[in-house]
Structure formats: structure tokens, C-alpha cells
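Listed here are the chains, written in short residue letters.
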Amino acid sequence: MVFEGYEGDLYILVHHTSGRQLMKRIAQKFIKSQGNGGVVNIIKRKRHPLNFKAPHSVRKINNQYWVFDSGHFELKIFDKNWNYLRTMDTKGFGRGGDLDTNRNIYYAGVSETRKRYLGLFPGGEAVPNMVQVFAVGEYKLLGSIKIPNIEQINNVYCMQKDVVDLLLNFKG
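Residues numbered from 1 in each chain as written. Predicted model: local features only at pLDDT ≥ 70, side-chain atom pairs only at ≥ 80, totals over all residues. Heavy atoms only, no water.

### Describing the layout of surface pockets
Part 1: In this model, the second largest pocket occupies a volume close to 270 Å³.
Part 2: Lining the second largest pocket we find Leu99, Asp100, Thr101, Asn102, Arg103, Tyr107, Val156, Tyr157, Cys158, Met159, Gln160 and Lys161.
Part 3: Within the lining of the second largest pocket, the residues separate by chemical class into six nonpolar, three polar and three charged. (1 Å grid on protein atoms, 1.4 Å probe; cavity = no way out; pocket = protein on both sides within 12 Å on 5 of 7 lines; lining within 4 Å. Points joined across faces, edges and corners; volume = space filled by probe spheres on them. Nonpolar A, V, L, I, M, F, W, Y, C, P; charged D, E, K, R; others polar.)

### Some words on the environment of Asn155
Part 1: Looking at the element boundaries, Asn155 is found in the loop between strand E14 (140-146) and helix H1 (161-168).
Part 2: Residue Asn155 is classed as partly exposed on the basis of its relative accessible area, which comes to 28%.
Part 3: Considered as a pair, Asn155 and Ala108 are 47 residues apart in the sequence and their alpha carbons are 8.4 Å apart.
Part 4: Setting aside chain neighbours within four positions, we find Asn155 in contact with Ser57, Arg59, Arg95, Gly96 and Gly97.
Part 5: Reaching out from Asn155, the side chain makes a polar contact with the side chain of Arg59 at a distance of 3.1 Å. (Helix = DSSP H or I, 4+ residues; strand = E, 2+ residues; numbered from the N terminus. Buried < 20%, exposed > 50% of the residue type's maximum accessible area, 1.4 Å probe, protein only. Contact = heavy atoms within 4.5 Å. Polar contact = N/O pair within 3.5 Å; in protein donor to acceptor, adjacent residues only side chain to side chain.)

### Quick look at the pairing of strand E12 (residues 105-111)
Part 1: Among the seven residues in E12, seven count as buried, and that is most of the element.
Part 2: Both faces of E12 are covered, namely the face carrying Ile105, Tyr107, Gly109 and Ser111 and the face carrying Tyr106, Ala108 and Val110.
Part 3: Pairing analysis gives seven bridges linking strand E11 (residues 93-100) to E12, with the strands arranged antiparallel. The residue of E12 that forms the bridge with Gly97 is Ala108.
Part 4: Joining the antiparallel neighbours E11 and E12 is a turn of four residues, in which Asn104 adopts a positive phi near 55°.
Part 5: In this structure, E12 lies alongside strand E13 (residues 130-135), joined through six bridges in antiparallel fashion. Residue pairing in the sheet places Tyr107 in a bridge with Val133 of E13. (Pairing = 2+ DSSP bridges.)

### Re the confidence of the model for the protein
Part 1: Overall, the prediction assigns the protein a mean pLDDT of 88, with 83% of residues at 70 or greater.
Part 2: For the protein, per-element mean pLDDT is lowest for strand E3 (residues 22-26), which scores 56, and highest for E13, which scores 98. (pLDDT = per-residue confidence, 0-100.)

### With respect to the side chain of Asn129
Part 1: With respect to the element layout, Asn129 can be found in the loop between E12 and E13.
Part 2: Of the residues examined, Asn129 reaches a relative accessible area of 2% and is grouped as buried.
Part 3: In this structure the side chain of Asn129 is engaged in a polar contact, spanning 2.7 Å, whose partner is the backbone nitrogen of Glu112.

### Let's talk about the sheet that holds strand E1 (residues 2-4)
Part 1: Read across the sheet, four strands follow the order E1-E2-E5-E6 without closing on themselves; strand pairing throughout is antiparallel. Single-partner strands in this sheet number two, and they are E1 and strand E6 (46-52). Going from strand to strand, the sheet's axes swing by 25° on average, the running direction of each strand aside.
Part 2: Strand direction decides the pairing type here: strand E2 (residues 10-14) and strand E5 (residues 37-41), joined by four bridges, are antiparallel. Residue pairing for E5: Val14 is matched across the bridge by Gly38. (Axes fitted to C-alpha atoms, helices over the stretch in contact; angles between N-to-C directions.)

This is the structure in C-alpha cells:
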């Protein structure tokens, strides 16, 4: 994912700031080793290794960066200079989120646990597809909504009500 930072530089969110990906063997299967993900300032060629494990979706919210550290089941928050501020737990692999600016609520998409990963994480439980709802100012989980009958969540977008109404009432 390429995005513009607060200072106007372009960044890329990467799984491996070192430029190398390691593999490990578990139960006769090769699994990609994650864990040195972060962001790279493309303009200044500066790496910010943030120890992400399978990162997804940088969002700029209230002069902070909100990033899914999916492999750790966390939503991490950094200041404008990529200094760590706090973590909020997610119930699984966060894969996209968006801010409702009117309500100051962040909707975090969480994908169902893939079968190949069951048993590799603490608890080893299957997590359904869902959207977790966070109060931005309080950094607090308000609840979650299960999203059935889809393979996975790739992103979440907040849309204006008039656009949603047009889409739902479209007759081609």
C-alpha cells in the first residue's frame, strides 16, 4: 500500500523492511515468517521497522497513523513521526478500516481465520468475518458485527448515505 504521509512524502507499507522474507517449517509445511514489517519513506529512502507481522491499511486519523498489525491481532497507533503511541486488540486479522468523521468512529474489518492458520496462534480459534467498531477519542472497542456469507474482508469504506441509497435502489 502506498500512501501520503502527513509531511507530504510518499510511503509504502511493507511486510519486510529488511527486503528479505524468511520461511519456517511447521508440521512439514513451509510458512512465511513475518515480523519485521513497517513503512518506508520512498522520497527520503528511510525505513521505519515497526515489527509488524502482516500489516494492512494505514489510515491517517487525528494527526496519527492507525495501522493493522494483523498477525498480532492488533490495531497500532503512531504519531506523525512513527513513534508508537498505543495498541488496541482486534479479534483476528485486520484487513481494512475507515473512519466515520461525523461520528468519530473507526470501523475495522477483520477477516475469518484461514484454516491453514488454525492452531498456530494463541487460542487457535476460528474467527468469523466481522467489523469491529471503535470510538476514536477513547480508543475503545464498542462492539462488533459479524459479516456472514463472504470469503474474507479486504477493506472497509464509509460512504455518504445518499450514495448508499442510490446504490441500494439502483435499477439497471
